[in-house]
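# Residue-level structure breakdown
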Amino acid sequence: MCGIAGIFHIGTAKPVDPQRVRAMTDAQAHRGPDGEGVWTAPGVGLGHRRLAIIDVAGSPQPMATEDGALTITFNGEIYNFMEVRRELEALGHAFTTHGDTEVILRGWRQWGPAVLPRLNGMFAFAIHDAAENRLFLARDRFGVKPLHYAELSDGAVIFASELKGLLAHPLLRRAPDFTAVDDYLGLGYVPDDACILAGVRKLPAGHWLALRRGEPLAWPTKWWDISFADRARGSVAAREAELLDLLRQGVRSRMVADVPLGAFLSGGVDSSAVVAMMAEASPHAVETCSIGFDEASHDETRYARIVADRFATSHRTRHVAAGDFGLIDTLAHAFDEPFADASALPTYRVCELARERVTVALSGDGADEAFAGYRRHAFHLAEERARALLLGGARAAIGALGDRFPKLDWAPQRFRAKTTLQALGRSGEEAYALSVGVTPPALRHRLYAPAALAALAGHRAEDRYVAAMRAAPARDALDRAQYADLKIWLPGDILTKVDRTSMAVSLEAREPLLDHRLVEFAARLPVSMRVRGGSGKWLMKRALGRYLPDEILHRRKMGFVTPIGAWFRGPLAGAADAIAHGSALAETGWFDAGAIAALAADHRAGRSDHGRLLWQLLMLDKALGRLFGLGQARAA
């Protein structure tokens with residue numbers, strides 16, 4: 001795992017100052033503490049920071065072919081690199097290193113962009129082709145590894161793994177994009193098709209981009225997509241066997257490393273499945289670690305211990321106190337853009353714990369998106385079936401009833417009918433888009449100043465979900481919801497969270513449940529093998545019955561829960577008040593200070609629960625201060 005950066009003059013081959021490239025890579029030193037390198041030629045410069053995992057003593061980067069025609073800087077891991085290497089050797093290629101970087105380089109020489117479908121891994125890389133005066137940027141299928149880029153006033157295009165790498169270049173214009181702020185408040189993160197810095201783009205997952213000297217900056221080209229349009233045939237037993245075989249392949253391929261390796265273990269189905277497969281493949285005790293909480297309702301360590309004992313892992317646990325909000329500034333620095341998923345705090349802590357003994361940790365991320373494991377998937381499926389039974393007039397009437405129905409946040413889930421009634425009155429795509437969001441449009445608009453609301457010009461964070469679902473290669477409502485999650489939620493929230501928190505402590509995180517063969521298999525499953533009896537991941541849980549006990553397979557999903565609501569009634573109450581007056585948010589002129597102050601007062605008094613929104617505003621405030629220097633007078 002590494003950090004990469006570079007400069008390419010797309011118009012004229014101007015000289016590239018190697019110190020500028022070095023500054024961009026140094027800003028990402030946490031991603032690669034084991035080595036560094038800078039390479040420049042007329043009109044181009046590539047930089048690299050290395051976290052050595054494979055071929056530890058070799059494979060320095062940037063790496064060039066022996067004739068100097070191709071040069072690469074690469075972040076990630078190619079799990080099937082030996083297989084691709086053997087194919088290239090059969091075609092006459094000779095190798096001088098033992099790692100995966102040279103495999104990509106020579107594969108590109110042999111096949112060009114057609115090498116990408118041959119690669120099973122997580123990656124973001126840049127390859128310079130001297131003969132063609134071109135620079136190729138490429139990103140893996142799901143967007144596990146990030147890649148940001150921007151065009152500068154001097155005609156250069158710069159790129160880097162993290163936004164802070166771009167910020168190290170003195171010509172990058174620092175101007176905020178308010179539509180990205182609406183995206184962030186709506187979804188809880190800035191999605192991959194947006195950036196809070198105007199003019200900065202993120203290469204989409206499953207795309208490559210060719211920069212050609214003398215030509216304008218082009219749009220990225222899609223090289224992979226997931227399809228839910230086909231259905232697998234065969235018995236449940238056959239599908240179970242295939243799932244387990246793909247799961248073993250995904251886990252075992254990600255256990256290849258020349259450094260200590262372990263796993264995150266929450267005690268949920270997904271991480272437990274990964275640990276089970278690791279234990280099956282390893283002659284030694286698997287290193288596992290868990291984070292617990294001092295509040296019993298949030299703590300999962302008992303379940304993690306059950307799995308650890310079952311597979312005789314070398315298990316360690318560390319507890320996080322409810323007041324562990326001291327990481328706020330650390331997280332703001334790690335993410336650059338505002339990021340409101342509060343589970344980033346315990347994720348950072350479990351990465352810290354893992355890094356004490358290992359350099360690589362396998363996670364259970366990806367199965368919920370692939371196998372329909374979120375509760376919202378089952379709810380959406382049930383709502384769509386109900387929606388299909390209602391005529392247009394009936395749907396409108398039910399939606400209107402939902403608008404008038406009282407909001408009962410304090411009541412048990414089954415009595416909170418308002419949201420369900422409103423959802424039934426909307427289209428399936430619109431209802432699902434709102435269900436995955438954090439702060440709904442009406443509440444966001446209450447917070448915006450009139451000029452900011454006008455500047456949105458109709459932009460709405462949720463519309464990308466609606467568009468993705470309507471364009472999905474899919475058969476039914478569940479397919480469309482999962483497709484949108486894989487394209488928007490997964491890279492924007494889950495994978496960003498794991499990448500930034502793990503890289504902040506120089507740990508490589510690997511996601512075996514995102515092996516593309518396994519995800520493609522899941523996308524072909526009939527709906528009944530994904531959701532059954534109101535519960536998701538039906539086939540996966542059935543297949544794992546021989547490995548995991550029922551109390552792991554069928555317990556209520558918890559996830560990482562952080563008590564942010566209580567924080568804003570206690571130690572962070574002052575921070576909530578400060579957001580409204582004299583903060584970075586106030587300085588932007590985007591927000592109605594009185595509306596924010598009233599929201600904070602209602603939360604503190606217990607009249608409403610605005611903990612998640614206050615957390616969003618606090619993290620936005622931190623990001624605006626770091627990126628644009630706003631709110632510095634108050635801080636001083």
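Residues numbered from 1 in each chain as written. Predicted model: local features only at pLDDT ≥ 70, side-chain atom pairs only at ≥ 80, totals over all residues. Heavy atoms only, no water.

## What to know about the packing of aromatic side chains
We apply this condition: Each pair of aromatic rings taken from Phe, Tyr and Trp, with Trp reduced to its six-membered ring, is defined by centres within 6.5 Å and is described as stacked if the planes are under 30 degrees apart, edge-to-face if over 60, and tilted in the remaining cases. Comment: elements are numbered from the N terminus, with helices defined as DSSP H or I runs of at least four residues and strands as E runs of at least two. Three exposure classes are used, based on accessible area relative to the maximum for each residue type with a 1.4 Å probe and protein chains only: buried under 20%, partly exposed in between, and exposed over 50%. Two thresholds decide whether a charge sits over a ring: the Lys NZ or Arg CZ must be within 6 Å of the ring centre and within 35 degrees of the ring normal.
Evaluation of the coordinates by the stated rule reveals 15 aromatic pairs. Relative to W223, the ring of F123 has its centre 6.2 Å away and its plane inclined at 20°; by these criteria the two rings are stacked. One end of the pair, F123, is in strand β6 (residues 121–129); the other, W223, is in the loop between β12 (221–222) and α6 (236–253), with 100 residues separating them in the sequence. Across the pair, W223 and F123 agree in class, each one buried. Here the aromatic cluster, defined as three or more aromatic residues joined through ring pairs, consists of W108, F123, F125, F136, W208 and W223. Across the ring face of Y303, the terminal group of R302 is positioned such that the distance to the ring centre comes to 4.4 Å. Seen from the ring of Y374, R376 lies directly overhead, with NZ or CZ sitting 4.3 Å from the centre.

## A closer look at empty space enclosed by the protein
Defined as follows: Put plainly, a pocket is an open set of points on a 1 Å grid over the protein atoms alone with protein on both sides within 12 Å along at least five of seven lines, a cavity is a set where a 1.4 Å probe fits but cannot get out, and a lining residue has an atom within 4 Å of a point. Grid points are joined across faces, edges and corners, and a volume is the space filled by probe spheres set on the points. Residues are grouped as follows: nonpolar covers Ala, Val, Leu, Ile, Met, Phe, Trp, Tyr, Cys and Pro; charged covers Asp, Glu, Lys and Arg; every other residue, Gly included, is treated as polar.
Here the structure, examined in full by the defined rule, presents seven cavities of 30 Å³ or more. One number sums up the size of the largest cavity: a volume of about 200 Å³. Contributing to the lining of the largest cavity are 22 residues, with H148, K202, E337, T496 and R500 lying nearest its centre. At six residues, the largest contribution of residues to the lining of the largest cavity is made by helix α19 (residues 477–504). Residues that form the lining of the largest cavity fall into these classes: 11 nonpolar, four polar and seven charged. As a volume, the second largest cavity reaches approximately 130 Å³. Together, 15 residues line the second largest cavity, and R50, I54, Q61, D100 and T101 are the ones closest to its centre. Top element by residues in the lining of the second largest cavity is strand β5 (residues 70–78). It accounts for three residues.

## A closer look at the layout of surface pockets
In this structure, the second largest pocket occupies an estimated 440 Å³ of space. Forming the walls of the second largest pocket are 18 residues, and the residues nearest its centre are D192, D193, P204, K487 and I488. Top element by residues in the lining of the second largest pocket is α19. It accounts for five residues. A breakdown of the residues in the lining of the second largest pocket according to their chemical character gives 10 nonpolar, one polar and seven charged.

## Regarding the sheet that holds strand β3 (residues 44–50)
Keep this limit in mind: Paired strands, as defined in this entry, are two strands with at least two bridges between them according to DSSP. Comment: axis = line fitted to C-alpha atoms, over the contacting stretch for helices; angle = value between 0 and 180 degrees taken between N-to-C directions.
Ordered by their spatial adjacency, six strands build an open sheet running β2-β3-β1-β9-β8-β10, and the pairing between neighbours is antiparallel. Since the sheet does not close on itself, it has two edges, and those belong to β2 (35–41) and β10 (200–202), each with one partner. For this sheet, the mean inter-axis angle between neighbouring strands, taken without regard to orientation, is 15°. Across seven bridges, β2 lies against β3 in antiparallel orientation.

## Considering the pattern of salt bridges
As a reminder of what qualifies: Criterion for a salt bridge: a side-chain nitrogen of Lys or Arg within 4 Å of a carboxyl oxygen of Asp or Glu.
For the structure on display, the rule yields 54 salt bridges. A salt bridge links D26 to R49, with the shortest nitrogen-to-oxygen separation between them at 3.3 Å. On the criterion of sequence distance, the pair formed by D26 in helix α1 (residues 18–26) and R49 in strand β3 is long-range, its members being 23 residues apart. In this structure D26 comes out as partly exposed when scored by relative accessible area, which is 37%. We classify R49 as buried; its relative accessible area is 11%. Here D193 makes a salt bridge to R464, at a shortest N to O gap of 3.0 Å. Separated by 271 residues along the polypeptide, D193 in the loop between α5 (178–187) and β10 and R464 in helix α18 (residues 463–471) bring together distant segments of the chain. On the basis of relative accessible area, D193 is assigned to the exposed category, the value being 55%.

## Digging into the environment of G364
Inclusion rule: Residue contacts follow a heavy-atom distance rule, with two residues in contact if any of their heavy atoms lie within 4.5 Å.
Assignment of secondary structure puts G364 in the loop between β16 (360–362) and α11 (367–371). We classify G364 as buried; its relative accessible area is 14%. The spatial distance from the C-alpha of G364 to the C-alpha of A263 is 8.8 Å, given a sequence separation of 101 residues. With residues near it in sequence (within four places) discarded, G364 still touches D270, S271, V274 and L513.

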